[in-house]
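# Architecture and fold: a report
Here's the letter readout for the chains.
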Amino acid sequence: MTRGLFIVLLCGLVAACTPRGEIDHVPRAAPGAIDLRRVFVATNRNLAPQGDLSLVRQTFGADRARELRYGWADISIPPGHKEGEIEWPGNARPDPSRHFVTRDGAPYEDKRAFLNGLTAASQPGRKDVVLFVHGFNVRNAEAVYRVAQVAHDFDAKIPIVLYSWASAGRVRGYVYDRDSVMFSRDGLAEVLRDLTGSGWRVTLVAHSMGAQLTMEALRQASIAGDEKSLTSLRGVALISPDIDEDVFVQQALKIKPFPEPFLVLVSKLDSALSVSAWLTGKPWRLGSIQDKTRLAGLPIRIVDLSNVAGGDRRKHLTALTAPEAIKMLYKMERELGR
């Protein structure tokens, strides 16, 4: 495969190189939303050149920061929302009755204010939270809106924190993102440690390359003897994980105690992971694995979404975009008592 053909293929896999979504601010007073979802953000993205600290606009870019920043954004969901979709305005004027828009948002002064904000948004006496880690080629705005979509479609009753790591947010940024995973693992481990150290029980959900980041952070916590972070996990779900299965097994064997339940959501039809596998010279990635015996003996549950209809055309976000998968996972979550 020539370099030019590879870029063309990647463009086809990443929304056909269409204009990317950005945060559109429509004041909270404007009518039209069916639901308002608050997204809490911890990020190691540096400020984009135009920016102040506001989360109302897309001011966090691809550059890496050594220090974490925290904030929140209120995202409104339109009445005609379809499960699994993000109704972007595109070139139209942002309209809360038809589009996802940001109603309000602000930075937190520090992590203590961030943790206090989580407490204020929780049900009295309950300290459960979801920590979501996005994948490759994702901009901050796209990650924030995806979390809002997930919170709405899964009818989340607990706060969701987005760990927005420094993805390049572009097709040709695959290697940059792989390096950012290694750069970002300390930050994710810190967020997890701060949450669990403050009494929060965490459900950790990661997508694509974010799964590699998550496994590195969990492995790091185990090696550092941070048992609190691991025992306070209510469960882990890796969605379409972009990880070599040999690397995953090695990571998993180092994580003690191993969090349970631990779900790995896979699809043999995941075309994005097919490109990733081609890059590594192997037949599949963990999220598209076909020989599941290679994972035998690990305390994990594999959920195969290959035959689930609908969702994104790449079959890379089936778990979060296909109505059938959303209903199945919603039921699974309730059965697990979470």
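Now for a quick tour of the structure. Predicted model only: the values in this text are computed from it and were never measured.

From N to C terminus, the protein includes 10 helices and nine strands. Here the protein holds 338 residues, and 54% of them are scored as buried. Summarising the internal contacts of the protein: among those between residues at least 6 apart in sequence, 78% fall at separations of at least 24. Taken as a whole, the protein presents about 14,700 Å² of accessible surface, with 52% of it coming from carbon and sulfur.

Right, let's get into empty space enclosed by the protein. By the definition in use, this model includes one cavity of 30 Å³ or more. Approximately 30 Å³ is the volume attributed to the largest cavity. Together, S240, L265, V266, S267, L305, K315, T318 and A319 line the largest cavity. For the lining of the largest cavity, the elements supplying multiple residues, two or more each, are β8 (262-266) and α9 (318-321). In the lining of the largest cavity, the residues fall into four nonpolar, three polar and one charged.

The element strand β4 (residues 128-133) is largely enclosed, with a buried count of six among its six residues. Judged by which residues are buried, β4 turns out to be covered on both faces: D128, V130 and F132 on one side and V129, L131 and V133 on the other are all buried. Looking at chain direction, β4 and strand β6 (residues 201-207) are connected through six bridges and run parallel. Across the sheet, residue V133 finds its bridge partner in β6, namely A206. The pairing of β4 with strand β5 (residues 160-164) spans four bridges and is parallel.

A few words now on the environment of N46. Note on placement: N46 falls in strand β1 (residues 35-47). Residues N46 and L68, spaced 22 residues apart in sequence, show a C-alpha to C-alpha distance of 9.1 Å. A distance of 3.4 Å separates a polar atom in the side chain of N46 from the backbone oxygen of R64.

Judged by nonpolar contacts, the single largest core of 53 residues is most densely connected at L118, L131, Y163, L195, F248 and F262. With residues near it in sequence (within four places) discarded, L131 still touches V161, Y163, L188, V191, L195, V202, T203, L204 and V205. Counting residues in each nonpolar core, the second largest holds 39 residues, with I86, V130, V138 and L263 among its members.

A few words now on the packing of helix α5 (residues 209-223) against helix α7 (residues 245-254). The geometry of α5 relative to α7 is characterised by a closest axis approach of 8 Å and an angle of 30° between their N-to-C directions. When the interaxial angle is binned, α5 and α7 end up roughly parallel. Read as a crossing pair, α5 and α7 show a hand that is left-handed. Of α7, the residues touching α5 (which contributes Q212, M215, E216, R219 and S222) are V247, F248, Q251, A252 and K254. When its residues are assigned to classes, the contact of α5 with α7 shows four nonpolar, three polar and three charged.

Turning to the packing of helix α2 (residues 111-121) against helix α4 (residues 174-197), a few remarks are in order. Put simply, α2 and α4 touch, their axes get as near as 11 Å, and they point 55° apart. Classified by the angle their axes make, α2 and α4 are oblique. The chirality of how α2 crosses α4 is right-handed. Contacts from K111, L115 and L118 in α2 reach E190, D194 and L195 in α4. Residues that form the contact of α2 with α4 fall into these classes: three nonpolar, no polar and three charged.

So, how was this worked out
Residues numbered from 1 in each chain as written. Predicted model: local features only at pLDDT ≥ 70, side-chain atom pairs only at ≥ 80, totals over all residues. Heavy atoms only, no water. Helix = DSSP H or I, 4+ residues; strand = E, 2+ residues; numbered from the N terminus. Buried < 20%, exposed > 50% of the residue type's maximum accessible area, 1.4 Å probe, protein only. Contact = heavy atoms within 4.5 Å. Areas by Shrake-Rupley, 256 points an atom, 1.4 Å probe, with all protein chains shown as cover. 1 Å grid on protein atoms, 1.4 Å probe; cavity = no way out; pocket = protein on both sides within 12 Å on 5 of 7 lines; lining within 4 Å. Points joined across faces, edges and corners; volume = space filled by probe spheres on them. Nonpolar A, V, L, I, M, F, W, Y, C, P; charged D, E, K, R; others polar. Pairing = 2+ DSSP bridges. Polar contact = N/O pair within 3.5 Å; in protein donor to acceptor, adjacent residues only side chain to side chain. Core = buried A, V, L, I, M, F, W, Y, C linked by side-chain atoms within 4.5 Å. Axes fitted to C-alpha atoms, helices over the stretch in contact; angles between N-to-C directions. Parallel < 35°, antiparallel > 145°, perpendicular 65-115°, else oblique. Left-handed = near helix turned anticlockwise from the far one by under 90°.

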